[in-house]
Amino acid sequence: MTDESLVNGEEEQDLPEQIAIRLAKRERLIESGAEAYPVSLSITHTIDEVKAKYPDLEIDVATGDKVALAGRVMFQRNTGKLCFATLQAGSGARIQVMLSMDKVGESNLEHYKELVDLGDHLFVSGEVITSKRGELSVLADSWKIAAKTIRPLPNLHNELGEEYRVRHRYVDLIVRDRAREVVQIRAKVMQSMRKTFTDRTYIEVETPMLQTIHGGASARPFKTHSNAFDTELFLRIAPELFLKRAVVGGIDRVYEINRNFRNEGADRTHSPEFAMLEAYEAYGDYNTMAKLTQDLIQNAAMDVFGTLKVELEEGEISDLSGEWDRISMFESLSQASGVEITPETDISVLKKLADKEGLEIDHPLHGKYVEELWEHFVKANLQKPTFVMDFPVDTSPLVRNHRSKPGVVEKWDLYIRGYEQATGYSELVDPVIQRERFVEQVKLAAAGDPEAMKLDEEFLKALEFGMPPSGGMGMGIDRLLMTLTGLGIRETIMFPLVK
RNA sequence: GCGCCUCUAGCUCAAUCGGCAGAGCAACUGACUCUUAAUCAGUGGGUUCCGGGUUCGAUUCCCGGGGGGCGCACCA
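Residues numbered from 1 in each chain as written. Chains lettered and ligands numbered in written order. Predicted model: local features only at pLDDT ≥ 70, side-chain atom pairs only at ≥ 80, totals over all residues. Heavy atoms only, no water.

## Section: the overall build of chain A
Point 1. Helix and strand counts for chain A come out as 16 helices and 18 strands.
Point 2. Radius of gyration (C-alpha) of chain A: 29 Å, far over the 23 Å computed for a compact globule of 499 residues.
Point 3. Expressed as lengths along the three principal axes of its C-alpha atoms, the size of chain A is roughly 90 × 55 × 50 Å.
Point 4. Out of the 499 residues belonging to chain A, those deemed buried represent 49%.
Point 5. In chain A, the share of contacts with a sequence separation of at least 24, taken over all contacts with a separation of at least 6, comes to 65%.
Point 6. Of the charged side chains in chain A, 60 are positive and 82 negative; the average position of the first set lies 2 Å away from that of the second. (Helix = DSSP H or I, 4+ residues; strand = E, 2+ residues; numbered from the N terminus. Rg over C-alpha atoms; globule rule 2.2 N^0.38 Å. Buried < 20%, exposed > 50% of the residue type's maximum accessible area, 1.4 Å probe, protein only. Contact = heavy atoms within 4.5 Å. Lys, Arg positive; Asp, Glu negative; His and termini not counted. Charge placed at Lys NZ, Arg CZ, Asp CG, Glu CD.)

## As for unusual backbone geometry
Point 1. Here Asp60, not a glycine, exhibits a phi torsion of approximately 60°, which is positive.
Point 2. By secondary structure assignment, the location of Asp60 is in the loop between helix H2 (47-53) and strand S1 (62-78).

## Quick notes on the packing of aromatic side chains
Point 1. For the coordinates displayed, the defined rule picks out eight aromatic pairs.
Point 2. Ring centres of Trp374 and Tyr415 lie 5.1 Å apart, and the angle between their planes is 55°; on these two criteria the pair is classed as tilted. Highlighted residues: Trp374 in helix H12 (residues 366-377) and Tyr415 in strand S16 (residues 408-416), separated in sequence by 41 residues. The burial state of Trp374 is the same as that of Tyr415; both residues are buried.
Point 3. Three or more aromatic residues link up through ring pairs in this structure, and these residues are Phe197, Tyr202 and Tyr255.
Point 4. Above the plane of the ring of Phe242 lies Arg245, whose end atom (NZ or CZ) is 4.3 Å from the centre. (Phe/Tyr/Trp six-rings, centres within 6.5 Å; stacked < 30°, edge-to-face > 60°. Lys NZ or Arg CZ within 6 Å of the ring centre and 35° of its normal.)

## Examining the sheet that holds strand S6 (residues 203-204)
Point 1. Read across the open sheet, the eight strands follow the order S6-S10-S11-S18-S17-S16-S15-S14; overall the sheet is mixed. Lying at the two open borders of the sheet, with one neighbouring strand each, are S6 and strand S14 (325-328).
Point 2. Across nine bridges, the pairing between strand S10 (residues 253-261) and strand S11 (residues 273-282) is antiparallel. Bridge pairing in S11 links Asn258 to Met276. (Pairing = 2+ DSSP bridges.)

## Focus: the sheet that holds S1
Point 1. Around the barrel, five strands lie side by side as S1-S2-S3-S5-S4; this closed barrel has mixed pairing. Shown here is a sheet whose adjacent strand axes are inclined to one another by a mean of 50°, direction ignored.
Point 2. Strand direction decides the pairing type here: S1 and strand S4 (residues 121-130), joined by eight bridges, are antiparallel. Looking at the pairing, Val67 lines up with Gly126 of S4. (Axes fitted to C-alpha atoms, helices over the stretch in contact; angles between N-to-C directions.)

## A closer look at the environment of Leu87
Point 1. Mapped onto the secondary structure, Leu87 falls in strand S2 (residues 82-88).
Point 2. A relative accessible area of 0% means that Leu87 is categorised as buried.
Point 3. Taking C-alpha positions, Leu87 is 7.2 Å from Val97, a pair spaced ten residues apart along the chain.
Point 4. Ignoring sequence-local partners within four residues, the contact set of Leu87 consists of Ile47, Leu69, Ala70, Gly71, Arg72, Val73, Ala93, Arg94, Ile95, Val97 and Leu122.

## Considerations on the side chain of Thr196
Point 1. Examined against the element boundaries, Thr196 turns out to sit in helix H7 (residues 177-199).
Point 2. Its relative accessible area of 5% is what places Thr196 among the buried residues.
Point 3. Residue contacts for Thr196: discarding those within four places in its chain leaves Leu296 and Asn299.

## Section: helix H8 (residues 240-248)
Point 1. Residues Glu240, Leu241, Leu243, Lys244, Ala246 and Val247 constitute the buried set of H8.
Point 2. The inward-facing, buried residues of H8 abut S10, S11, strand S17 (419-426), helix H14 (457-464) and strand S18 (470-476).
Point 3. Phi for Gly250, located one or two positions after H8, is positive at around 100°.

## Describing the pairing of strand S15 (residues 386-392)
Point 1. Counting buried positions along S15 gives seven out of seven residues, so the element sits mostly inside the fold.
Point 2. Direction of pairing for S15 relative to S16: antiparallel, over a ladder of six bridges. Residue pairing in the sheet places Thr386 in a bridge with Tyr415 of S16.

## Thoughts on the side chain of Thr345
Point 1. Take Thr345: it is sitting in the loop between helix H10 (329-337) and helix H11 (347-356).
Point 2. Within the structure, the side chain of Thr345 is placed 2.7 Å from the backbone nitrogen of Thr342, a separation counted as a polar contact.
Point 3. Apart from the residues within four sequence positions on either side, Thr345 is in contact with Glu340, Leu350 and His366. (Polar contact = N/O pair within 3.5 Å; in protein donor to acceptor, adjacent residues only side chain to side chain.)

## Quick notes on the pattern of salt bridges
Point 1. Counted according to the given criterion, the structure contains 43 salt bridges.
Point 2. Of the charged contacts, one joins Lys113 and Glu110 as a salt bridge, the two residues approaching to 3.9 Å between their closest N and O atoms. Remark: Glu110 and Lys113 occur in helix H4 (residues 106-115); sequence separation between them is three residues, near one turn of the helix.
Point 3. A residue is classified by how much of its surface remains accessible, and Lys113, at 26% relative accessible area, is partly exposed.
Point 4. According to the relative accessible area criterion, Glu110 is partly exposed, its value standing at 39%.
Point 5. One salt bridge in this structure joins Lys384 and Asp325, with 3.2 Å as the shortest N-O distance. On the criterion of sequence distance, the pair formed by Lys384 in the loop between H12 and S15 and Asp325 in strand S14 is long-range, its members being 59 residues apart.
Point 6. With relative accessibility at 54%, the residue Lys384 sits in the exposed group.
Point 7. The exposure class of Asp325 is partly exposed, given its relative accessible area of 34%.
Point 8. A single salt-bridge network, built from bridges that share partners, covers Glu162, Arg165, Arg169, Asp172, Arg176, Arg490 and Glu491. (Salt bridge = Lys/Arg side-chain N within 4 Å of Asp/Glu carboxyl O.)

## Topic: a nonpolar patch on the surface
Point 1. Residues Tyr170, Val183, Met494 and Phe495 make up a contiguous nonpolar surface patch of about 390 Å² in total accessible area.
Point 2. Examined against the element boundaries, Met494 turns out to sit in the segment after helix H16 (489-492).
Point 3. Accessibility expressed as a relative area gives 33% for Met494, which makes it partly exposed. (Patch = residues over 30% accessible without salt bridge, like charges linked within 9 Å, V, L, I, M, F, W, Y side chains within 5 Å. Areas by Shrake-Rupley, 256 points an atom, 1.4 Å probe, with all protein chains shown as cover.)

Shape is all these values report; function is a separate question.
Structure, rendered in structure tokens:
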């Protein structure tokens, strides 16, 4: 496979046959006085506009309407004196063009047959007609190459291999409707979410991706180095600690949609860089944020699909309607395991239960056992959207203690079809307790936990200026696209990382 | 990070118990003024991922490396 660009002086005889032939056609085109890549074309209509204008003409009609349009040649059917081509717009819309010897002349038609390949961008001007078979067509009186294609398109009658699709997404977008559709869906989901936020007077901000201390989540970071400051920097694992600074500064309703980076495993549901939404609302709490999250997702489904019963890839229907269930982590775990588990349950009991279930958990924290056991017993059964409420304290260092239940924090995770979709907190705003929580994390790090949080003095200083009581939420955008489409994460990201 | 599987023409895939590497589409030459994956006749195109080993002979078997997939681990 020739993976390098052709510009680097590859010898012609080393090139694959089809590429050499197309390069030669490009030369011939230029020698004939035409352009292979003209700077502008006098287009009067898009393919979609012509199709919209003539939705149902009779067979063999000449409209008298002259148009000039361009598109990529997807199919060619050349006969002796009458040639057919199917042009495709970026939208995926297709229209047939016809070139007859009568209209364009003999030498012009010969040039067309000689120089125009599948995949080329072609410009034609002519009359809108329907063919004798009734196909809406442009009967050309002139044509031009709009852009010469040097590499052949893949054949359109087999599905592309998974690897080829990801490495050549631009080709995938040309040949596969669903690939284009997913890009559209993603854009519409973003639009919908921004509208939901705007309607609630939220302000969108952008906070640093390069950070001197990474924080806001438990994960291993990517490291880099600043030459100017001669210092180690981290790509952010979360924007949380900066968005909270914004709330301290009086940006009372704030959100950010941007990339996070985590130096961890990649699989069907994880990508090293992924799009994250985080939102904070002063004078809100985790209930406020649960409602917001439900609205964000339900509005997106309605705006994009017009329904809350979303059809997924394999035809499965995902029902996102109604008020979503809320269950307690400790209660649902106790119920599913048949063992009463509370924040006071001795860790030895949890260890015994984990052993019995064949779980290998090697972690000093009580809460880690609770979460692992909960995932084991409960998680897979959560197909309907469900908020799992009230998490252990020791695994949630940025969340405030529950207002009435001892030993837990006001945190929920939203699960949809067994996947963690979003998380929400009543934020910890007490700088004294926050410092204590950070100190606990530092101890964990010293004990060898590579994902423990760092103590961030600048963030604590901000809290010391007074952060109002607030709710916060975070949601993986790629995950949301997966939830709404049933696709894997690499299909929801246009250009996922490939080695 | 560990285990299993996989890599053949531009694309999608065959084949070889180790013996001239094939098809469809695409390409090339020719025919065709209503085609729809046009059709018909003919032709060319391969570092079988890379390096080494075994062998008279390796695309096939063995070893090492690389890319990809799946499972496990970690995480969202």
